Every structure is written in C-alpha cells, then in structure tokens.
Amino acid sequence: MEKYIWLIPLLPLLGFFINGLGKNTLSKSLISVIGSGVVFISFLLSILVFMNVPSGEGAQPLIFHAFDILNFKSIQVPFSFQIDALTSIFLLIITGIGFLIHVYSAGYMKEDEGFGKFFAYLNLFIFFMLILVMGSNFFMMFIGWEGVGLCSFLLIGFWFKNRDYVGAAKKAFIMNRIGDVGFLLAMFWIYREFGTLQYTEVFGLLNTTHISSFAIGGITLLLFLAATGKSAQVPLFTWLPDAMAGPTPVSALIHAATMVTAGIFMITRCNELFELAPYTKEVIAWIGIITSLITATIAMRQNDIKKVLAYSTVSQLGLMFAAIGMGAYVAAVFHVMTHAFFKALLFLGAGSVIHGMHHEQDMTKMGGLKKYMPTTHITMLIGCIAIAGIPPLSGFFSKDEMLLSMFMGNKIIYAIGFIVSVLTSFYMFRLYFMTFSGELRNKEVAAEGHTAHPHESPKTMTIPLIVLAILSIIGGFVGIPELFMKNAHKLNQFLSGVVAPGEAHHISHSTEWLLIAALLSCVAVAIYLASKMYNGKVDKEATGVMKVFENKWYVDEIYQAAIISPIIGLGNVFKKYVEKSGIGKVVSGTGDLSYLISKNIRTVQTGNIGMYVLLMVIGIVAGLGIFFFGMF
C-alpha cells in the first residue's frame, strides 16, 4: 500500500498544475480528460486501499510517514497519512463522487471561457479534501480544512463578474474563518494538554493521562465550533444557501458530498475525545436538530431549485449532528455516504434542469419537464424517493438508524427529527411536482441560438446521473439493520475498529416496526399533500408563518441589524472621531509642530559672524558650567 498511497492526493495536485498552467493552451477535451482522469486513477487506488485496509474490532491504523513539517525539540509535526476504515470510506466518497462530477462538468461547463481554470480548481479541491481525511494529525487536518475553504471561495465566486456571486463567496469565506478560529484554539489547547498533535498519541493518552473535564469540554466545544462553520450549522449556516451562486457542479461536489461533511468526519475521527464530553454531545445534538428544523421549514417555501436543495443539505447535516450527539457515529457516517449519493444526484439533476431550461432556476417557471427530459426526470425521482427515506432505497436505512438513536437517547429530539423527516419528503416532492408535472409554465425558455423548448442534457451529464441513481438505490444495503437480517450491518462491523458500536439497536423489534410504520405513513401523507398542492400548481402569496419561512426566518436580516450594521456604525465612529479627529490630528499636528519649531529656529541663522561667535562662547560657558557644577 505504501507504494501507491501517496499517489491518491498527488495525482489531483498534478492535475491542478497541468490544467492551471495550460488553461489557455490546452484544448477543452484534453483539460477534461486530465482533470477527470487523475481523479479516476485516485478512485481506483482508493478501491485498493479499501480492499486492503485493516478493519473490524481491534484493527490498528496504518501510518505512512513522508517528512517532518515541524521538527523542533519542543514540537514535532510529521507529514504523514493515517489509513484506517474511516479514511478508506471517505476516500471512496471523495474520489468516486468527485470523478462523476468532473465528468458531468465537462458537459455543463463546455461553453464557459474559464473551463481550464474551473477544472484546475476542482482538482485542487479534491487534493485538499484528501489531505483532510488522510492526515495523521490535527495539523494536517487543518491544512486540508483551510485548503477546502480556499477552494470553496474560488469556486463559489468563479463567475466573479457578478458582484452578488463575489459577495456570496466572501460570506462563505468569512463564516468559515469564524469556525476556523475554533479549530486553531482547539489545536493549541490539545498540544498544551497532550504534548502532541498525532491522533494515535492523543487518543492513547486519554486512557493513561488525567485530563481535566474542563479541558476536554473546552477542546470539544471549540472543535464543534469549527464544525458549525464548515458544515453550516446554527448560527453559521447562512453561507451555504448563498453558495449556490457557484456553478452547479460546485454545489454538488462541495456542498452536498464532501466539504460540508468535513465536520462529521472530524468529530467521528475524534469520537474517543467527544465520548468524554457528555455536555458537548448534548450541545451538538440540540444545535443539530434545531438547525435541521429551521432549514427544513425554509426549504418548504423556496422557489429556486438549487436553494431548496441547499437548505435540504443543511437540514440533513443537522440530522447527522443530532445522531452524533446521541453517540451514533456510525449512523452519521452511514448517512454521509448515502447522502453523498442522492444529494449529488439531486444537485446534478437540478443542473441538468437548469441547462435544459437555458439557465432558468425558478421552479414557478418550470413544469411538465418529464416529457422533455426523461432521463433527468427518472433519476431525480429516484433521488427524491431516496432522500424521503422510502424503502428499499439508501436513505431509508441510514435515516432510520439515525432516528432510532435519537429515540433511544432523547424523545424530544426524536420527535423533532421525525417532523423534519416528514417535512423533507414534502418539500422534495414539492420540488419534483413543480418541476416535472403539469404543463410548462414559462413558454419563453428559448435563448438565442437554442431550440424553442427544454431539452435533455448531453450524455456527459446524464451518465453520472444514472450511476448516482443506481448508487442511491443500492447504497443502503451495506447497513441493513438487525430488524431485517442478523449481522448484516457491514458498515458497523467495518468501522468497529475506529468507532465503538452504538446502542441504537437495543430495542424490541415490535417497537422498531411501529416507529418505521408511523414515519412511513406520515411520509406517504406528506407526498400525497405535495402532489395535490403542486401537481401543475405553484404557491399562492405567502402570509403569516409561511411568510417567515419564505424569508428564511429573517436570519440574514437579524445578522444585519444585530451584528453587521453595529460594526459598520462603530467603524464609522472610529473613522470620524478616532482616525480623523484623533490619529489624523496627532499625525498632522506632529508635522505642524515640526514646521513651527524649524521656522523659528531658522531665524537664528542670520549670517552675522559676530552673533555666531557669541553663541559659541555662550555654549562653551554653559557646557563647562554643567560639567563642573553637575559633578557636585
């Protein structure tokens, strides 16, 4: 494994340099082959890693050391990889989904003038994401953590000539930086308490060294602050919906399948640390479920097809954090995997719709697209069924496991999770019916040089949709619960060496059947209501609470009034009274004083030699007087 493990991140980095330097000279077909090819080879190597990685209970991680980043007497930080079961799963998700999105991008971005630059950025993002999950210490995770933040900024603001898109990129960058401060402080605190940043050494010392509960609580809360920024949880969640300003492949890669799940990976990697901080886990659970509920209600009233999926992503991430708060780390990772399949499918399907509608994103102007875009229609329907949690598609198994952990841990959180799951099925089928059912509402979809009606996307875009649809159907079978088949939860067994098996299945089968039946019944009702309300129809003007949902709970307005405007006002006060009246006056006053002194002193220079001799004598006498009388 050591012979090829380094190639997994190195190849995308190589693709970044080739496409970045040759963006103006290489042909678009060659750029797409290089950009997609390096990720595909990394995917094949990731499969080899997955097949050979130590797994199961008692498995020890493999450490591959390259060189030392820092090597001082007081601190040593190696550039090394830690390969275990958890890493191998994320390698498959990042490179596998990443490859499909690269292929899709070849069709979606073929007319864009920044084609080469776009593929270079995608490759760089894959590189940093791989460093994040492969690193053997917190410092390497931080390198990847900051790298994906940088790439997110570059890709969200890719169409930088639009000022709104640039604003969305800056918003994402700033909100991520707030969370990153938490990561930095946690990293410093970890080194102070443990004297190392290596995962294996830190987690090994937990059992042999007494670390105060205050330190454990502080470190875990700071790490969770970092996760709220990267994974868009309350209060740092508003950047992700605005990030839909980037090209649709960016939305699928960064904001559905990989970057936003970095917080889930980080907490799962540090599960031994978090298990010693019950109060932190409770905070995680409540923040996650509150985020999930707020964003699910917002998604119910959005008309931009990508915004619906964006708020859905935040909501699903909230459910994952709620499950982690219950100690169900495997369930959260399981949902990361299934969510990567069906949410990437839904985002790419939305991109196909936008492409077929000549860049129209407003669902109120769509309708009846199933007869124009049959492949996109079928695959997106599969994605909607999967995210709604309908068996036997993948979303059913992972969502059921998360909800079961909530039921065992906290009945109130479970009730909210139940409501969120029902709302998810409602707003996703609202999206489906508004987009594909009824008749086309906007007859003027033709752009100059295009056909007069919507059209299906090219094969480079539809083939990834088909692959992701298949994965969305079969992906859940790696985690079949005990209710259906004994010892069939392969993912639980695979990750048992990294994460201790949870308590979620310690419940009677009759109770579990009842919970599943209740949820599926409510989901069926929600889908029926969506079909009645949106089959060829759109929403009426919102009033009351629906107006609040439509305006996103006025969170951005609250931030503007409570944080941004006061800071700008304070800045204006400092500018007027401190900078101009204070600092400015001091600086200019110093110059005026120097000018005044020099103006008066220069009058001494009269040109009269007698005056110069007199002044010299006076100076000598004064000097002698100071010298002699100053000695006594």
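Structural data are supplied above this passage.
Residues numbered from 1 in each chain as written. Predicted model: local features only at pLDDT ≥ 70, side-chain atom pairs only at ≥ 80, totals over all residues. Heavy atoms only, no water.

Draft legend 1. Structural context of the side chain of Asp112. Mapped onto the elements, Asp112 comes out in the loop between α3 (85-108) and α4 (115-134). As a buried residue without a salt bridge, Asp112 has its nearest oppositely charged side chain in Lys28, at a separation of 7.1 Å. A polar contact of 2.8 Å, which involves the side chain of Asp112, links it to the backbone nitrogen of Gly114. Look past the residues within four positions of Asp112 in its chain and what remains in contact with it is Lys28, Phe158 and Trp159. (Helix = DSSP H or I, 4+ residues; strand = E, 2+ residues; numbered from the N terminus. Buried < 20%, exposed > 50% of the residue type's maximum accessible area, 1.4 Å probe, protein only. Lys, Arg positive; Asp, Glu negative; His and termini not counted. Salt bridge = Lys/Arg side-chain N within 4 Å of Asp/Glu carboxyl O. Polar contact = N/O pair within 3.5 Å; in protein donor to acceptor, adjacent residues only side chain to side chain. Contact = heavy atoms within 4.5 Å.)

Draft legend 2. Here's a closer look at the packing of helix α8 (residues 213-230) against helix α13 (residues 278-299). α13 packs onto α8 with a crossing angle of 20° between their chain directions and a minimal axis gap of 9 Å. Comparing the axis directions of α8 and α13 gives the class roughly parallel. Judged by the twist between their axes, the crossing of α8 over α13 is right-handed. Packed against α8, whose contacting residues are Gly217, Thr220, Leu221 and Phe224, the element α13 presents Thr280, Val283, Ile284 and Ile287 at the interface. In terms of residue class, the contact of α8 with α13 is made up of five nonpolar, three polar and no charged. (Axes fitted to C-alpha atoms, helices over the stretch in contact; angles between N-to-C directions. Parallel < 35°, antiparallel > 145°, perpendicular 65-115°, else oblique. Left-handed = near helix turned anticlockwise from the far one by under 90°. Nonpolar A, V, L, I, M, F, W, Y, C, P; charged D, E, K, R; others polar.)

Draft legend 3. Structural detail: the packing of aromatic side chains. Summed over all chains, the structure comprises 33 aromatic pairs. Taking 5.8 Å as the distance between ring centres and 70° as the angle between the ring planes, the aromatic pair formed by Phe224 and Phe321 counts as edge-to-face. Residue Phe224 is found in helix α8, and its partner Phe321 is found in helix α14 (residues 305-325); the two are separated by 97 residues along the sequence. Here Phe224 and Phe321 have matching classes, each one buried. One aromatic cluster is present, formed by Phe115, Phe118, Phe119, Tyr121 and Phe158 through successive ring pairs. The lysine or arginine in question, Arg177, covers the ring of Phe173, its NZ or CZ lying 4.2 Å from the ring centre. Here the guanidinium or amino end of Arg430 rests over the ring plane of Tyr534, the centre of that ring lying 5.2 Å away. (Phe/Tyr/Trp six-rings, centres within 6.5 Å; stacked < 30°, edge-to-face > 60°. Lys NZ or Arg CZ within 6 Å of the ring centre and 35° of its normal.)

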